[in-house]
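# Inside the fold
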Amino acid sequence: MKSRGLSEFLGEVIGTFTLILLGDGVVANVGLAPRLASPAYNWNTITIGWAFAVIVAVYVSAGVSGAHLNPAVTIALAVKRGFSWSKVPTYIAGQFVGAFLGALGVYLVYREGLVAAGMPNVWCTGPGSVFGQAFWGGTGGGSVGAYSLVNASIAEIVGTAVLLFGVLASGDERNLGLKFNMGPFLVGGTVLAVGLSLGGPSGYAINPARDLGPRIFGALVGTQGLFDGIYWLVAPVIMPIIGGILGAVIYDALVTAQLPPKKD
């Protein structure tokens, strides 16, 4: 007899593994630029790659665990959608395990390029990421500015709140509604929009597991500076949880409360 808890744990593991394998994979591809001329790689490549990483990951795991893939989503659903608090630790554990394994997958695929480049940070967001270190397709061009921890934290709160708007709308039958299991495309599209419009200050972690799991793996394989200072805990871990709860609260106050009653 199958254990429901184990099934949900494994669903979150495989879903988050897929998310990070494809998401950090596009970061490595852009950062190392192993094949094409440098103009072929840019921020748009990153955001589109991450959007489809989300879409594939949700389709892979939604039937097993609901495809939270993100502690900020799990906690927000527990706060505002009646998701059982007893399941929260299992889901978050699965997300972190999957994220760590996804980073391992990226390492195996890009190992030679990563080693040749000195093991740059393709794993996580914030200071020290590959985009601040002049990789950008091997052009040698560095970033032109930086954002403070406060500014990056605000960006993470707002970005994760918008992510929850998309997540909640994707399953809201009282709202416009989605047919033929198209919900993952709305969630992926939301991640694309957040990346294109709000991702600059912090790199749009919007997911504590997505950032911290690969960050731990990156430190183990020799990427330097991943845990310097307090940034790693504040902007990509704490702030998305706050933003997720805030997004669910705002959605319910300004959208759910205004929708017509559900028809029988």
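About the criteria used
- Residues numbered from 1 in each chain as written.
- Predicted model: local features only at pLDDT ≥ 70, side-chain atom pairs only at ≥ 80, totals over all residues.
- Heavy atoms only, no water.
- Helix = DSSP H or I, 4+ residues; strand = E, 2+ residues; numbered from the N terminus.
- Buried < 20%, exposed > 50% of the residue type's maximum accessible area, 1.4 Å probe, protein only.
- Contact = heavy atoms within 4.5 Å.
- Areas by Shrake-Rupley, 256 points an atom, 1.4 Å probe, with all protein chains shown as cover.
- Phe/Tyr/Trp six-rings, centres within 6.5 Å; stacked < 30°, edge-to-face > 60°.
- pLDDT = per-residue confidence, 0-100.
- Patch = residues over 30% accessible without salt bridge, like charges linked within 9 Å, V, L, I, M, F, W, Y side chains within 5 Å.
- Salt bridge = Lys/Arg side-chain N within 4 Å of Asp/Glu carboxyl O.
- Core = buried A, V, L, I, M, F, W, Y, C linked by side-chain atoms within 4.5 Å.

### Observations regarding the overall build of the protein
Within the protein, the secondary structure is distributed over eight helices and zero strands. Starting at the N terminus, the α and β elements of the protein follow one another as α-α-α-α-α-α-α-α. Within the span of the protein, comprising 264 residues, buried residues form 49% of the whole. The contacts in the protein between residues at least 6 apart in sequence include a share of 78% that link residues at least 24 apart. Counting every atom, the protein has about 12,200 Å² of accessible surface; 66% of that belongs to carbon and sulfur.

### Focus: the packing of aromatic side chains
One pass over the full model with this rule turns up seven aromatic pairs. Ring plane angle 65° and centroid distance 5.9 Å describe the contact between tryptophan 43 and tyrosine 204, whose orientation is recorded as edge-to-face. Of this pair, tryptophan 43 sits in helix H2 (residues 43-65) while tyrosine 204 sits in the loop between helix H6 (183-198) and helix H7 (208-220), placing them 161 residues apart in sequence. When the centroid spacing of 5.9 Å and the interplanar angle of 65° are considered together, the rings of tyrosine 59 and phenylalanine 185 count as edge-to-face. Within this pair, whereas tyrosine 59 is found in helix H2, its partner phenylalanine 185 is found in helix H6, the two being separated by 126 residues in sequence. For phenylalanine 185, a relative accessible area of 38% translates into the label partly exposed. Three or more aromatic residues joined by ring pairs make a cluster, and in this case those are Phe100, Tyr107, Trp123 and Phe217.

### A short note on the confidence of the model for the protein
With 89% of its residues at a pLDDT of 70 or more, the protein shows a mean pLDDT of 90. Predicted confidence is poor over residues 133-141, with pLDDT under 50, and the contacts of this stretch with residues over four places away or in other chains come to 23 contacts.

### Some remarks on a nonpolar patch on the surface
On the surface, Ile48, Phe52, Tyr59, Leu178, Phe180, Met182, Phe185 and Leu186 cluster together into a nonpolar patch covering about 790 Å² of accessible area. Elements represented by at least two residues in the nonpolar patch include exactly H2 and H6. Tallying contributions element by element places H2 first for the nonpolar patch, with three residues. The class for tyrosine 59 is partly exposed, based on a relative accessible area of 39%.

### A few points about the nonpolar core
Leu19, Ile46, Trp50, Leu114, Trp123 and Tyr204 are the most contacted members of the largest nonpolar core, which has 47 residues in total. At the level of elements, helix H1 (4-32), H2, helix H3 (71-80), helix H4 (88-116), helix H5 (149-170), H6 and helix H8 (231-254) are the ones that each hand at least two residues to this core. Per-element accounting of this core gives the leading share, eight residues, to H4. Leave out the neighbours within four places in its chain, and leucine 114 touches Leu32, Val106, Tyr107, Met119, Pro120, Val122 and Trp123.

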